[in-house]
Amino acid sequence: MAQRLVPGEPGGLLILAYHLVGAQADCAVDLPSVTFRRQLQELKVHRRAVLLDDAMKALASGSPIREGMVAVTFDDAYGNFYEVAWPILLELGVPATLFVPVGFLEGKRPAPIQGNVGGPPLRWNQIREMLGSGNLEIGSHSWSHSDFRRLTPQERLEDLRQARETLEDRCGVAAKSFCYPKSLWSAQCEAAVGKIHSTAVIGGGWVLKPQNFQPLRLWRVSIRRDMPQRLGRLLNSKICLEEYLADGVRRMLRRNHGRRRHQGP
C-alpha cells in the first residue's frame with residue numbers, strides 16, 4: 001500500500017530480476033507462468049523493453065531517458081528458463097539478460113537455490129540456441145555462486161576469470177555484465193569485478209538515470225510471487241519500496257559482517 005505514495009517516474013531504466021517461472025517449486029522466486037505472461041504484457045504498455053547492454057549505452061551517453069526503459073534479467077540459469085520462461089519472452093518479443101552461475105552448468109558446483117528446487121541447469125547448446133535469436137544476452141553469475149565478501153582477493157579474481165572465460169568459450173559471445181551472487185556486495189568485491197567486467201547488477205530498487213548511473217552497482221527489483229502481481233504502479237514509480245527496504249537489511253548485515261572481521265575472533 002505504501003508503494004502508492006511513491007512519486008511517479010515514467011522515465012529512466014528499471015531493471016527487473018526473475019529466477020524461476022512455473023517450476024512448481026516451493027520458493028518465493030518461482031512465479032506462476034500466467035503471472036509472468038501478464039507482467040510482460042503490462043511492462044510493454046508502460047515501458048520499452050531492451051537488452052541490458054543497450055540500456056547501458058543509453059545511460060552512459062548522459063542524455064535523459066525520457067521514454068522509460070525496462071530490462072528483464074534472469075538469474076541462476078535453470079533449465080526451467082528454456083522450458084517455460086523463454087517461449088513466453090520470445091512470443092511477446094521481450095528481450096532478456098541471463099546471468100549464468102557457470103560452475104553449476106559445468107556440474108562442478110551445487111544449485112544456486114538451496115535444495116535444488118529449480119531442477120537441473122540449462123545445457124550449453126540451449127543457451128547457444130537462444131543467443132542465436134538475438135533476443136537474449138548473457139552475463140556471469142560467478143563460478144561458485146558463493147558469498148564474494150568471504151573470498152580472498154585472489155579467490156575473487158580466480159572465480160571471476162574462470163567464470164567469464166568458460167562462459168565465453170562455451171557460448172562464443174562476450175559476457176560483459178556480472179551479477180553479484182545473492183546481491184552480497186562490498187567495495188572490495190566491486191573493485192575485483194571491475195577488473196573483469198564493465199557492468200554489474202545488485203539490489204536496491206531505484207530507477208536508473210544518467211545522474212545516478214554506477215556501472216558496477218546497478219539497482220534491480222527482484223520479482224517474487226509474494227509481491228503484487230500487477231506491475232503498473234511499480235513500472236511508473238521512482239523506487240520499489242519493498243526492494244529498497246530489503247536492500248537496507250542487506251547493507252546492515254554487510255556492516256555487521258565488516259565489524260566482526262575488523263574485531264577478529
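The paragraphs below set out a description of the structure included in this document. These figures come from a predicted structure and were not determined experimentally.

## Topic: the overall build of the protein chain
Each helix and strand in the protein chain was counted, giving nine helices and ten strands. Within the protein chain, the fraction of its 265 residues that count as buried is 55%. Put simply, of all contacts in the protein chain between residues at least 6 apart along the chain, 69% involve residues at least 24 apart. Here the protein chain has roughly 12100 Å² of accessible surface; of this, 51% comes from carbon and sulfur atoms.

## Overview of the pairing of strand S5 (residues 69–75)
Within S5, seven of the seven residues are buried, leaving the element largely enclosed by the surrounding structure. Pairing of strand S1 (residues 13–18) with S5, which is carried by six bridges, proceeds in the parallel orientation. When the bridges of S5 are listed, Leu-16 appears paired with Val-72. Inspection of the sheet shows strand S4 (residues 48–49) paired to S5 by two bridges, in the parallel sense. Bridge pairing links Arg-48 to Met-69 in S5. In the classification by handedness, the crossover that spans S4, the intervening helix H2 (residues 52–60) and the parallel S5 is right-handed. With four bridges joining them, S5 and strand S6 (residues 96–100) adopt parallel strand pairing. Each bridged residue has a counterpart across the sheet, and for Asp-75 the counterpart in S6 is Phe-99.

## Thoughts on helix H3 (residues 79–92)
Counted at 1.5 Å a residue, the expected span for H3 with its 14 residues is 20 Å, and the 20 Å between its end C-alpha atoms agrees. Residue Ala-85 marks the point of greatest curvature in H3, where the axis turns by about 45°; the proline Pro-87 follows within four residues. Taken together, the buried positions of H3 are Gly-79, Asn-80, Phe-81, Ala-85, Trp-86, Ile-88, Leu-89 and Leu-92. Those residues of H3 hidden inside the fold are in contact with strand S2 (20–21), helix H1 (33–46), S5, S6, helix H5 (124–131) and strand S7 (136–140).

## With respect to the nonpolar core
In this structure, Leu-16, Phe-36, Phe-74, Phe-81, Leu-89, Leu-98 and Ile-127 are the most contacted members of the largest nonpolar core, which totals 50 residues. Ignoring any residue separated from it by four or fewer positions in sequence, one finds Phe-81 in contact with Phe-74, Trp-86, Pro-87, Leu-89, Leu-98, Leu-122, Met-130 and Leu-136. Within the second largest apolar cluster, 31 residues are counted, among which are Leu-151, Leu-160, Val-193 and Ile-202.

Parameters at a glance
Residues numbered from 1 in each chain as written. Predicted model: local features only at pLDDT ≥ 70, side-chain atom pairs only at ≥ 80, totals over all residues. Heavy atoms only, no water. Helix = DSSP H or I, 4+ residues; strand = E, 2+ residues; numbered from the N terminus. Buried < 20%, exposed > 50% of the residue type's maximum accessible area, 1.4 Å probe, protein only. Contact = heavy atoms within 4.5 Å. Areas by Shrake-Rupley, 256 points an atom, 1.4 Å probe, with all protein chains shown as cover. Pairing = 2+ DSSP bridges. Right-handed = clockwise from strand over helix to strand, strands pointing away. Expected span 1.5 Å × (residues − 1). Bend = angle between axes of the 7 residues up to and from the residue. Core = buried A, V, L, I, M, F, W, Y, C linked by side-chain atoms within 4.5 Å.

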